[in-house]
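# Descriptive analysis of the structure
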Amino acid sequence: MLSELTANAVADSLVRREARPLAEVEAAALVRPPALDALEALRPSSHVKVIAEIKRSSPSRGALATIGDPAALARSYELGGASAISVLTEGRKFGGSLDDLEAVRAAVALPILRKDFIATPYQVLEARAAGADLVLLIVAALDDRELRELYDLIIELGMTPLVETHSAEELDRAAALGARLIGVNARDLSTFELDRDLFGRLAARFPAGTIRVAESAVKSADDVAHYRAAGADVVLVGEALVTGDPIANLSAFLAV
Ligand SMILES: O=P(O)(O)OC[C@@H](O)[C@@H](O)c1c[nH]c2ccccc12
């Protein structure tokens, strides 16, 4: 359940906060080199772009890959032509950590997304302190006041929010924020069911000028072509890249 995933992620961040108070994380965030320009990296172009994800496991799919060296995988993604890298930092169900994000930051020059269940300013500051350039905000997990507060903080820190939606109503809430980068996740994070055609049904609803990201359920180049034909500027791919040959798969996806 999404509410449980979010409550657990916040609880885990409160444990980290015991050891590292907010003021310390804020200071670390402010001395990082400026965040990379993700909107530029993901700008719509004549070919589809890929955000390649580092994910060890998931509640819906179980164990996917060990990924002993996330930095090495990130370098393969960069070599393979990814435009950005998504790092799952949630520990309990996805097997990730902020250390993974730091390791990836040190290894590549691409924008990096902190993929987690973000619901507090502390988690946003942690993202920047670890070197993230983008932060995921899941509309279904947040009320409008929380969304606004977190969105504004991400922007203030020079990062880019990727605002994730799973319905027309959520897409409208993302648009009302002024989001420039909006995703439609084919997977419902409460039931874990996949709806591969959701992106296509919602594509016309994205405000003009936004970057349209199709998330989840890309297994093959055909799936990329399906999303591209429906209007995706960017696809976010996890499982297919961590379980298969990342460079070969990326080159097939980018050839669409
Ligand atoms: O592994 P896939 O089906 O390629 O999906 C990647 C990504 O879309 C998925 O991991 C994801 C999308 N939104 C999320 C929110 C939280 C955790 C994970 C996700």
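Residues numbered from 1 in each chain as written. Predicted model: local features only at pLDDT ≥ 70, side-chain atom pairs only at ≥ 80, totals over all residues.

## Some thoughts on the overall build of the chain
- Counting secondary structure elements, the chain contains 12 helices and 10 strands.
- Over its C-alpha trace the chain gives a radius of gyration of 17 Å, about what one expects of a compact globule, namely 18 Å for 256 residues.
- In terms of principal-axis extent, the alpha carbons of the chain reach across some 45 × 40 × 35 Å.
- Scored against the burial criterion, the 256 residues of the chain give a buried share of 48%. (Helix = DSSP H or I, 4+ residues; strand = E, 2+ residues; numbered from the N terminus. Rg over C-alpha atoms; globule rule 2.2 N^0.38 Å. Buried ≥ 20, exposed ≤ 12 C-beta atoms within 10 Å, placed from the backbone.)

## Quick notes on the UniProt feature "domain: Indole-3-glycerol phosphate synthase" (unreviewed entry) in the chain
- What UniProt calls "domain: Indole-3-glycerol phosphate synthase" (unreviewed entry) maps, in this numbering, to residues 16–245.
- Split by type, residues 16–245 is 39% helix and 19% strand. Its first and last C-alpha atoms lie 35 Å apart. (UniProt positions renumbered as here; feature names shortened; annotations may be inferred.)

## Concerning the pairing of strand β6 (residues 134–138)
- With 5 of its 5 residues buried, β6 lies for the most part within the structure.
- Across the two faces of β6 the burial is the same, with Leu134, Leu136 and Ile138 and Val135 and Leu137 all buried.
- Looking at chain direction, strand β5 (residues 112–115) and β6 are connected through 2 bridges and run parallel. Along β6, the bridge assignment pairs Leu113 with Leu134.
- Taken together, β5, helix α6 (residues 121–129) and β6 constitute a β-α-β crossover, and its handedness is right-handed.
- With 5 bridges joining them, β6 and strand β7 (residues 160–165) adopt parallel strand pairing. Looking across to β7, one finds that Leu134 is bridged to Thr160.
- Traced from β6 through helix α7 (residues 144–156) to β7, the parallel crossover comes out right-handed. (Pairing = 2+ DSSP bridges. Right-handed = clockwise from strand over helix to strand, strands pointing away.)

## Some thoughts on unusual backbone geometry
- For Ile67, which is not glycine, the phi torsion reads 50 degrees and is therefore positive.
- Its place among the elements puts Ile67 in the loop between β3 (62–63) and α4 (70–80).
- In this structure, Ala217 takes a positive phi of about 75 degrees despite not being glycine.

## Thoughts on the site of the ligand
- Around the ligand sit 14 residues in total, of which Asn185, Glu215, Ser216, Gly238 and Glu239 are the nearest.
- Secondary-structure elements contributing two or more residues to the shell around the ligand are β10 (234–237) and α11 (239–243).
- Of the residues belonging to the shell around the ligand, the class tally is 5 nonpolar, 3 polar and 6 charged. (Near = placed C-beta within 6 Å. Nonpolar A, V, L, I, M, F, W, Y, C, P; charged D, E, K, R; others polar.)

## Some details on the sheet that holds strand β9 (residues 211–215)
- If you trace the 8 strands once around the closed barrel, you get β1-β4-β5-β6-β7-β8-β9-β10, paired in parallel fashion. Neighbour-to-neighbour, the strand axes of this sheet turn through a mean angle of 25 degrees, independent of strand direction.
- One ladder, built from 3 bridges, connects β9 with β10; its direction is parallel. Paired with Glu215 across the strands is Leu236, a residue of β10. (Axes fitted to C-alpha atoms, helices over the stretch in contact; angles between N-to-C directions.)

## A word on the packing of α4 against helix α5 (residues 98–107)
- For the pair α4 and α5, interaxial distance at closest approach is 8 Å and the crossing angle is 45 degrees. Classified by the angle between their axes, α4 and α5 sit oblique to one another. Seen along the crossing, α4 lies across α5 with a hand that is right-handed. Of α5, the residues touching α4 (which contributes Pro70, Ala71, Ala74 and Arg75) are Asp100, Ala103, Val104, Ala106 and Ala107.
- Its residues placed into classes, the contact of α4 with α5 shows 7 nonpolar, no polar and 2 charged. (Parallel < 35°, antiparallel > 145°, perpendicular 65-115°, else oblique. Left-handed = near helix turned anticlockwise from the far one by under 90°. Contact = placed C-beta atoms within 7 Å.)

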